[in-house]
Number of protein chains: 2
Amino acid sequence: MNGSTKDKLAWTAAKLFQERGYDGVGLSDILKSARVPKGSLYHHFRQGKSDLALAAAQFASREMLRIIDDAFLPAKTYKDGMTTLFFKCAKLFDLMGKWNGCPVSGILLNGAYNPMFRETSEHIFDSWIERVTAHATRLGLSENDAKERATHLFVVLQGGWDLARARQNSDELRRLPKLLSEGL
Amino acid sequence: MNGSTKDKLAWTAAKLFQERGYDGVGLSDILKSARVPKGSLYHHFRQGKSDLALAAAQFASREMLRIIDDAFLPAKTYKDGMTTLFFKCAKLFDLMGKWNGCPVSGILLNGAYNPMFRETSEHIFDSWIERVTAHATRLGLSENDAKERATHLFVVLQGGWDLARARQNSDELRRLPKLLSEGL
DNA sequence: ACATCTCTAGACCGATTGGTCTAGTCCTGT
DNA sequence: ACAGGACTAGACCAATCGGTCTAGAGATGT
């Protein structure tokens, strides 16, 4: 099968980059963990590590979009969907061993100064915000309100994730929906 | 002077780690940039790179505490101080070339899995929250309210900084005080 | 003047890095 | 059966990594 080895590489790379960042993971780590020889990596990803990182980020991004949909599709209100999303992320954080960073910032914002990495991470973040905005309008919010709230959601999720990581504790992540729904 | 070379190393390391993360910066980069030979580094920091990173993080942390005080000491209300802090951070972000990450997460959460790094970053974050909490109580908030708001402040600041970094634009950072003062 | 201590200076080390290259395996179409 | 492309396999490479070590410069106390 074509996709299998390539996907396994991207998936493994995503997992490791989230743990230790782009520069913190060597190709040998990825290859050992995925049990794939170096030749295969350079067959599927001609530019090597940087190509692999972009693919890994897209992989992680698609998973996040799936989580967003899972949270918002059954929701009756924006507040419900948003709260569910935070709880899902807190659970994911715990499952991942409480060490992982945000799927994309760990891969792309991290590590070497690389313009294409930065642009890709910008697009990915925007795609998440856009998806939440779409759910928000579907649930009755005005377009401007939806966009603002979606942006705030990711600001708070990102910051909450970092704090959870530093504390090795996802509790704060679960408390944050209150901030976003009630304000203070 | 004793402190001079040592401080120059810590300061240079802090700057570079914020740009490219712990694993993204080699000792040779730091030594070249600080114009200090390797022998001096290992004289002042016996454990080498990890020691240097801890010192650099403390350096960055002290600067952040100073910025917090600068924002809150002249403030008449918590809202004023908080807003000033965000604007100061936005300005700092622009001055730093719009690439740098959060001073501490770039250094400590990043890179190799290292328990002492994680603990140090937790303590540093907590010291920031504590400082803001102290300012908040001084400005009339109840103790519980102060602590909650201070925590939210850093969650939002952290997330906003990441978004600004991805977008290479500090505007969102300047819009966030509204979220924290008015809620939504 | 000399000994002593702090600090600078950089050559050097083994290990690991990302990347290249060739040989061989496997699958597919004819 | 066999030709040809897709893919695997890993030896090999120069460069760089973090870290060690020795030699000497500079300041200080006696």
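Structure report, in brief. These numbers were taken from a predicted model, which means no experiment stands behind them.

Structural notes on the environment of R149 of chain A
Within the element layout of this structure, R149 of chain A appears in helix 8 (residues 143-167). With 32 residues separating them along the chain, R149 of chain A and S181 of chain A place their C-alpha atoms 9.6 Å apart.

Observations regarding the interface of chain B and chain A
Taken residue by residue, the interface counts 40 residues in chain B and 41 residues in chain A. Inspection of the region where chain B meets chain A yields 4 salt bridges. In this structure, the salt-bridge partner of D126 of chain B is R167 of chain A, at a minimum N-O distance of 3.3 Å. There are 8 residue pairs in polar contact (both at pLDDT 80 or more) connecting chain B and chain A. Taken together, the elements giving at least two residues each to the side of chain B that touches chain A come down to helix 1 (2-20), helix 7 (115-138), helix 8 (143-167) and helix 9 (171-182) of chain B. Top element by residues in the side of chain B that touches chain A is helix 8 of chain B. It accounts for 15 residues. When grouped by side-chain class, the residues that make up the side of chain B that touches chain A number 14 nonpolar, 12 polar and 14 charged.

A word on the packing of helix 8 of chain A against helix 8 of chain B
Interaxial distance between helix 8 of chain A and helix 8 of chain B falls to 7 Å at its minimum, and their mutual angle equals 110°. Here helix 8 of chain A is positioned roughly perpendicular relative to helix 8 of chain B, judged by the angle of their axes. Each of T151, V155, V156, Q158, G159, G160, D162 and L163 of chain A in helix 8 of chain A lies in contact with helix 8 of chain B, whose residues at this interface are T151, V155, V156, Q158, G159, G160, D162 and L163 of chain B. Taken together, the residues that form the contact of helix 8 of chain A with helix 8 of chain B break down as 6 nonpolar, 8 polar and 2 charged.

So, the pattern of salt bridges
Within the structure shown, the criterion is met by 20 salt bridges over all chains. Notably, a salt bridge pairs E148 of chain A with K178 of chain B, separated by 3.1 Å at the nearest N-O pair. Of the two residues, E148 of chain A is situated in helix 8 and K178 of chain B in helix 9; the pairing between them involves two chains. Given the relative accessible area of 41%, K178 of chain B is considered partly exposed. Among the ionic pairs, D29 of chain B bridges to R20 of chain B, the shortest N-O distance being 3.6 Å. Overlapping salt bridges, with partners in common, bring together D126 of chain A together with R167, E172 and R175 of chain B in one network.

A closer look at the protein's contact with DNA strand C
Residues in contact with DNA strand C amount to 16 residues; listed here are only the nearest, L27, K38, Y42 and K49 of chain A together with T5 of chain B. For DNA strand C, the fraction of protein-proximal atoms (within 4 Å) that sit in sugar or phosphate groups is 59%. V25 of chain A is positioned such that a nitrogen or oxygen atom in its backbone is 3.3 Å from a phosphate oxygen of DNA strand C. If you list the elements that add at least two residues to the surface near DNA strand C, you get helix 2 (27-34) and helix 3 (38-44) of chain A together with helix 1 and helix 3 (38-44) of chain B. Looking at which element gives the most residues to the surface near DNA strand C, the answer is helix 3 of chain B, with 5 residues. Split by residue class, the surface near DNA strand C holds 4 nonpolar, 9 polar and 3 charged.

About the criteria used
By convention here, each chain's residues receive numbers from 1 onward along its written sequence. Each chain takes a letter, starting from A, and each ligand takes a number, starting from 1, following the order in which they are written. Where local features are concerned, this predicted model is filtered to residues with pLDDT of at least 70; where side-chain atom pairs are given and counted, the filter is 80 or more; whole-chain, interface and lining totals use all residues. As a rule here, side-chain values cover all heavy atoms of the structure and leave hydrogens and water aside. Each helix is a run of H or I in the DSSP string that is no shorter than four residues. Each strand is a run of E no shorter than two, and both are numbered from the N terminus. Note on contacts: a residue pair is in contact if any heavy atoms of the two residues lie within 4.5 Å. Salt bridges are identified by distance alone: a Lys or Arg side-chain nitrogen within 4 Å of an Asp or Glu carboxyl oxygen. Pairs of N or O atoms within 3.5 Å make up the polar contacts considered here, provided that, within protein, one atom can donate a hydrogen while the other can accept it, and that residues adjacent in sequence are counted only when both atoms are side-chain atoms. Nonpolar residues are Ala, Val, Leu, Ile, Met, Phe, Trp, Tyr, Cys and Pro. Charged residues are Asp, Glu, Lys and Arg, and all others, Gly as well, are polar. Comment: axis = line fitted to C-alpha atoms, over the contacting stretch for helices; angle = value between 0 and 180 degrees taken between N-to-C directions. When describing relative orientation, an angle under 35 degrees is termed roughly parallel and one over 145 degrees roughly antiparallel, while 65 to 115 degrees is termed roughly perpendicular and anything else oblique. Throughout, exposure labels follow a simple rule: accessible area from a 1.4 Å probe, protein chains only, divided by the maximum for the residue type, with under 20% read as buried, over 50% as exposed, and the rest as partly exposed. Near is defined per residue: the residue qualifies when any heavy atom it owns lies within 4 Å of the molecule or strand.

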